[in-house]
Amino acid sequence: MEIDPFIFRLSIFILSIFVGYYVVWSVTPSLHTPLMSVTNAISSVIIVGAIIAALANSEGKIFNPSTLFGYLAITLAAVNIFGGFLVTQRMLAMYKKKKKDKK
Amino acid sequence: MISANLSATFYLISGVLFILALRGLSSPETSRQGNFYGIIGMVIAVTVTFLSVGNFESGFFYVFIFLLIGGGIGAFIAFKIPMTAMPELVAGFHSLVGLAAVFVAISAFINPEAFNLGFPGNIKLASLIEMSIGAAVGAITFSGSIIAFLKLQGIMSGAPITFKGQHLLNALILISIVILTYFLCATQSSNLFWVLIAVSFLIGLLLIIPIGGADMPVVISMLNSYSGWAAAGIGFTLENTALIITGALVGSSGAILSYIMCKGMNRSFFNVILGGFGATDQSSKDKNKEQRPVKSGNADDAAFLMKNASSVIIVPGYGMAVAQAQHALREMVDTLKKNDIKVSYAIHPVAGRMPGHMNVLLAEANVPYDEVFELEEINNDFANADVAFVIGANDVTNPVAKTDPQSPIYGMPVLDVEKCKSVLFVKRSLSPGYAGIDNDLFYKENTLMLFADAKKMTEDITKNL
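Residues numbered from 1 in each chain as written. Chains lettered and ligands numbered in written order. Predicted model: local features only at pLDDT ≥ 70, side-chain atom pairs only at ≥ 80, totals over all residues. Heavy atoms only, no water.

> Explanation requested: the overall build of chain A in the structure shown.
Counting secondary structure elements, chain A contains four helices and zero strands. Walking chain A from its N terminus toward its C terminus, one meets helices and strands in the order α-α-α-α. Taking contacts inside chain A between residues at least 6 apart in sequence as the whole, the part at least 24 apart equals 64%. Of the accessible surface of chain A, which amounts to about 4400 Å², a share of 70% is contributed by carbon and sulfur atoms. (Helix = DSSP H or I, 4+ residues; strand = E, 2+ residues; numbered from the N terminus. Contact = heavy atoms within 4.5 Å. Areas by Shrake-Rupley, 256 points an atom, 1.4 Å probe, with all protein chains shown as cover.)

> Help me out: how do you make sense of helix α12 (residues 299-307) of chain B in this one?
Residues and elements named next belong to chain B. For α12, the set of buried residues is Ala299, Ala302, Ala303 and Met306. Seen along its axis, α12 keeps its buried residues to an arc of 100 degrees; they face one direction. Against β3 (311-316), α14 (326-338), β6 (387-391), β7 (422-427), β8 (447-451) and α18 (454-464) lie the buried residues of α12. (Buried < 20%, exposed > 50% of the residue type's maximum accessible area, 1.4 Å probe, protein only. Arc of directions from axis to C-beta.)

> Whenever I open this one, the interface of chain B and chain A confuses me. Can you help?
The accessible area lost on association of the parts is a frequent measure of interface size. Counting residues at the interface gives 106 residues for chain B and 82 residues for chain A. Note on chain B versus chain A: buried area summed over both sides is about 8600 Å², and carbon and sulfur give 77% of it. Put simply, chain B and chain A have one salt bridge between them. Linking Arg9(A) and Glu239(B) is a salt bridge whose minimum nitrogen-to-oxygen distance equals 3.5 Å. For the pair chain B and chain A, the interface holds 15 residue pairs in polar contact (both at pLDDT 80 or more). Mapped by element, the contributors of at least two residues to the side of chain B that touches chain A are α1 (4-23), α2 (28-53), α3 (58-80), α4 (86-110), α8 (216-238), α9 (241-264), α14 and α15 (357-364) of chain B. Top contributing element to the side of chain B that touches chain A by residue count: α3(B), with 17 residues. (Buried area = accessible area lost by both parts, 1.4 Å probe. Salt bridge = Lys/Arg side-chain N within 4 Å of Asp/Glu carboxyl O. Polar contact = N/O pair within 3.5 Å; in protein donor to acceptor, adjacent residues only side chain to side chain.)

> Can you walk me through unusual backbone geometry in this structure?
Excluding glycine, residues mostly carry a negative phi; peptide bonds, for their part, are mostly trans. All names here are of chain B. Unlike most non-glycine residues, Asn116 shows phi in positive territory, near 60 degrees. Take Asn116: it is sitting in the loop between α4 and β1 (118-119). Of note in the backbone geometry, Asn366 takes a positive phi value of approximately 65 degrees without being a glycine. Its place among the elements puts Asn366 in the loop between α15 and β5 (372-374).

> I keep staring at the sheet that holds β7(B) and nothing clicks. Help me out?
The strands that make up a sheet are held in pairs by hydrogen bonds between backbone atoms, and each pair lies either parallel or antiparallel. Residues and elements named next belong to chain B. Overall, parallel pairing links the six strands, which are arranged β5-β4-β3-β6-β7-β8 in an open sheet. Across the chains shown, the open sheet's two edge strands, defined by having one partner strand only, are β5 and β8. The average angle at which neighbouring strand axes cross in this sheet is 25 degrees, direction not considered. In this structure, β3 lies alongside strand β4 (residues 342-347), joined through four bridges in parallel fashion. Bridge assignment links Ile313 to a residue of β4, and that residue is Ser344. (Pairing = 2+ DSSP bridges. Axes fitted to C-alpha atoms, helices over the stretch in contact; angles between N-to-C directions.)

> Looking at this model, I keep getting lost on the pairing of β6(B). Mind explaining?
Two faces make up the sheet, and in a regular strand the side chains alternate between them. Residues and elements named next belong to chain B. Burial analysis of β6 places five of its five residues in the buried class, the great majority of the element. The two faces of β6 match: Val387, Phe389 and Ile391 on one face and Ala388 and Val390 on the other face are all buried. The sheet contact formed by β3 and β6 spans five bridges and is parallel. The partner of Val312 across the bridge, within β6, is Val387. With five bridges joining them, β6 and β7 adopt parallel strand pairing. In the sheet register, Ile391 faces β7, and the bridge partner there is Val426.

> Quick question: what am I supposed to make of the pairing of β8(B) here?
Residue and element names in this part refer to chain B. Of all the five residues making up β8, four are buried; the element is thus mostly covered by neighbouring parts of the structure. Relative to β8, β7 runs parallel, the two sharing five bridges. Note that in β8 the partner of Lys427 across the bridge is Phe451.

> Sorry, what's going on with the side chain of Ser16(A) here?
Note on placement: Ser16(A) falls in helix α1 (residues 5-25). If we ignore the near neighbours within four places in the chain, the residues touching Ser16(A) are Ile245(B), Ala248(B) and Leu249(B).

> Could you clarify how one ought to interpret a nonpolar patch on the surface in this entry?
On the surface, Ile3(A), Ile7(A), Phe8(A), Leu10(A), Ile14(A), Phe18(A), Tyr21(A), Tyr22(A), Trp25(A) and Tyr259(B) cluster together into a nonpolar patch covering about 1000 Å² of accessible area. For the nonpolar patch, the element with the most residues is α1(A), which contributes eight residues. Along the chain, Tyr21(A) turns up in helix α1. Given the relative accessible area of 38%, Tyr21(A) is considered partly exposed. (Patch = residues over 30% accessible without salt bridge, like charges linked within 9 Å, V, L, I, M, F, W, Y side chains within 5 Å.)

> It is not clear to me how the side chain of Ser227(B) should be interpreted in this structure. Could you clarify?
Tracing the sequence through the fold places Ser227(B) in helix α8. With residues up to four places along the chain from it excluded, the contact list for Ser227(B) reads Ser43(A), His94(B), Val97(B), Thr141(B) and Val250(B).

> I keep staring at the packing of aromatic side chains and nothing clicks. Help me out?
Remark: the centre distance and the inter-plane angle together describe each pair of aromatic rings, the angle taken between the planes. Summed over all chains, the structure comprises 20 aromatic pairs over all chains. The interplanar angle of 65 degrees and the centroid separation of 5.9 Å between the aromatic rings of Phe193(B) and Trp194(B) together place this pair among those described as edge-to-face. Residue Phe193(B) is classed as buried on the basis of its relative accessible area, which comes to 0%. Three or more aromatic residues link up through ring pairs in this structure, and these residues are Phe6(A), Phe13(A), Trp229(B) and Phe236(B). (Phe/Tyr/Trp six-rings, centres within 6.5 Å; stacked < 30°, edge-to-face > 60°.)

> Quick question: what am I supposed to make of the environment of Val400(B) here?
Along the chain, Val400(B) turns up in helix α17 (residues 400-403). Aside from chain neighbours lying at most four places away, what touches Val400(B) is Ser407(B), Tyr410(B) and Asp440(B).

> Explanation requested: the packing of helix α5 (residues 125-153) of chain B against helix α7 (residues 190-208) of chain B in the structure shown.
When two helices pack together, their arrangement is given by the angle between their axes and by how far apart the axes lie. Residues and elements named next belong to chain B. Close contact between α5 and α7 brings their axes to 7 Å; oriented N to C, the two are set at 35 degrees. Our pair here, α5 against α7, has a crossing hand that is right-handed. Residues Ser132, Ala135, Ala136, Ala139, Ile140, Phe142, Ser143, Gly144, Ile147, Ala148 and Lys151 of α5 form the contact with α7, whose own contacting residues are Phe193, Leu196, Ile197, Ser200, Phe201, Ile203, Gly204, Leu205, Leu207 and Ile208. Class assignment of the residues belonging to the contact of α5 with α7 gives a composition of 15 nonpolar, five polar and one charged. (Left-handed = near helix turned anticlockwise from the far one by under 90°. Nonpolar A, V, L, I, M, F, W, Y, C, P; charged D, E, K, R; others polar.)

> Teacher, can you tell me more about the pattern of salt bridges here?
All names here are of chain B. All chains considered together, the criterion is met by 10 salt bridges over all chains. The partner of Asp386 in a salt bridge is Lys421, with the nearest N and O atoms 2.9 Å apart. Taken as a pair, Asp386 in the loop between α16 (375-378) and β6 and Lys421 in the loop between α17 and β7 lie far apart in primary sequence, 35 residues in all. When its relative accessible area of 53% is taken as the criterion, Lys421 is described as exposed. With a closest N to O distance of 3.3 Å, Lys456 and Asp460 form a salt bridge. One end of the pair is Lys456 and the other is Asp460, both in helix α18 and four residues apart, which spans about a single turn. The exposure class assigned to Asp460 is partly exposed, which follows from its relative accessible area of 22%.

Printed below as a string of structure tokens:
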């Protein structure tokens, strides 16, 4: 019997939870705020679903209820992607200053 | 148009890049490179999606327009936002992820053909379940984050809102979500789908209103986790590896942060979630009603003490963020260092309104990160330090947590500030902190209270040094 592709996705999911578990424990506590903003940005990869929805273009119309929700989701996710990565970048840039500041 | 196998491979690559983005945060040196990996991963995921849809007609143009509108807003916010407002920003961003997940789920429900999930009214069972989970968790994330945002922003009172039968009501709603999902799958009725989303919005609100302002670090971490699970749910629906990997990463990241925050308060996750903390501790308040003597001083006294010290430990808390005192603090420390006084910073895990909040504020004020220490790293140093300068922190320094088993914060890890030769405590009044209990530290022999606004007091001390 063939294995349902769902099982493969489930495997990826479970293993990723473990990867996440170990990777996040190794994040230094002083960077927990950037961690939150960057996870925010990457979880907006949900935009791929939004793009597919927006471009579905069924019945030859660009705007119908289904694509409209797609466009809205694109906008929301884009706010997050740009906002999330840029604000993380801004925060991390501040952590640059180190020992040379000391007397 | 590229093949499904090729695009799946690229999604896997962007998933791996996201893992590297988080990995980079293990130290400040590698963190910026990590963020760069994250950006590359996102660019790959978006580009591949465009190529795999392969529909370059007019809709394509609109996608770009909306992408630019959203991106422009996001970039504007990212550059304008003050660092003290980071908790609000993150809560706001979580709500957007949640809402985006809901919208994608709705879109997939209306037009399942676009996602190869079947036909309206006859969606594949597994997809429908995944979709419902994604939509429900997304909706909870959205409305919960909105409440968290309002509480952090001060638009809504930070006090817990509790009423009779609250937990029972919440439990019933959660059960109804499961039942709704079951009937939705059985009947494919679109009405049930809308009801499911509406009920999920409602439970998101109800779950967060009983949680008080100082528990926000847990709430934000928890909502971070939810936004991840919502993304993962949608990832299963769309059969998209990048989304599944990311959802799992973000979900476990938020869960770990919640755990760390709960441990920092010595409270169980359920205790925080059930809420009402700080509203019900009347008994301990009454017990300490009698007036006890406190020593209070002015900036001059504080400057004198610090000038004669050889090492000073600074304990910042949320009050520092409120008073925007981090820059003034840094100036004071610069003056101290010129007098050859050793200065370090001690940060409690739950200081501030989100994990790592104090570290970001100090970094913003150009404090080198190797002078900033976590509780376990620095707690033994208090005994050898001359002066502890407590600015905007309260409950996290309360020795009662170690001595009084009756206290609501008993067992919470606290900074051993009282072991210092002298303690300078900047605070506006003697009012109790968030836990609603008196801080024994106020009445210690070696404590000098400095009653003033944190920023003004710090500036005055610098002048007197």
